[in-house]
Amino acid sequence: MTLTVAETVQAEWTVLRIRGELDLLTSPAVRQSVHDAVAAGRHDVVLDLSEVLFCDSSGVGVLIAARRLMRSCGGRLRLVLPARGAEEGSHVNRVLAALGVRRLFDVYPDPATAVTPDTRPLSA
């Protein structure tokens, strides 16, 4: 399966909607999309992972690198993952939790909530 990244801008947030499998072959596209947003001066990024059906260690590495990049430029990174029970995207949530890195990210149930000021992330 391939991976697609679609970018939209909502208020001060750049939302990158990612669909497909996030693995060794496809993760560079996500990395480049995040870098492109930062290079364009957009330092508040939402990665909508609700339609990512598979994520391996290189995909997790890209998410951690994106977090590091956003923190280094004074930006914010938010992830969109279904809370639980959803068929799509729940794989990423399980992988992050299994690796013990889920707590590093601010996770929201949907893009609208992620871009709303003063909303609280889901608990880890």
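Residues numbered from 1 in each chain as written. Predicted model: local features only at pLDDT ≥ 70, side-chain atom pairs only at ≥ 80, totals over all residues. Heavy atoms only, no water.

Draft legend 1. Main features of the sheet that holds strand 5 (residues 106–108). A sheet is described by the order of its strands in space; here five strands give the open sequence 1-2-3-4-5, paired in mixed fashion. Of all strands in the sheet, those with a lone pairing partner are strand 1 (3–10) and strand 5, marking the two edges. Taken pair by pair, the neighbouring strands of this sheet meet at an average axis angle of 25°, ignoring direction. Alignment of strand 3 (residues 44–55) against strand 4 (residues 76–80), held across five bridges, turns out to be parallel. Considered in strand 4, the bridge of Asp 48 is made with Val 80. (Pairing = 2+ DSSP bridges. Helix = DSSP H or I, 4+ residues; strand = E, 2+ residues; numbered from the N terminus. Axes fitted to C-alpha atoms, helices over the stretch in contact; angles between N-to-C directions.)

Draft legend 2. Molecular detail of the pairing of strand 3. The element strand 3 is extensively covered by neighbouring structure, given that ten of its twelve residues are classed as buried. In this sheet, strand 3 lies alongside strand 2 (residues 13–22) in parallel orientation, the contact comprising eight bridges. Paired with Glu 21 across the two strands is Phe 54, which belongs to strand 3. Handedness of the crossover joining strand 2 and strand 3 through helix 1 (residues 27–39): right-handed. Considered for its hand, the β-α-β crossover made up of strand 3, helix 2 (residues 57–72) and strand 4 is right-handed. (Buried < 20%, exposed > 50% of the residue type's maximum accessible area, 1.4 Å probe, protein only. Right-handed = clockwise from strand over helix to strand, strands pointing away.)

Draft legend 3. Broad picture of the side chain of Ser 58. Mapped onto the elements of the fold, Ser 58 is located in helix 2. Side chain to side chain, Ser 58 and Asp 56 meet in a polar contact 2.6 Å long. Not counting chain neighbours up to four residues away, the residues in contact with Ser 58 comprise Asp 23, Leu 24 and Ser 27. (Polar contact = N/O pair within 3.5 Å; in protein donor to acceptor, adjacent residues only side chain to side chain. Contact = heavy atoms within 4.5 Å.)

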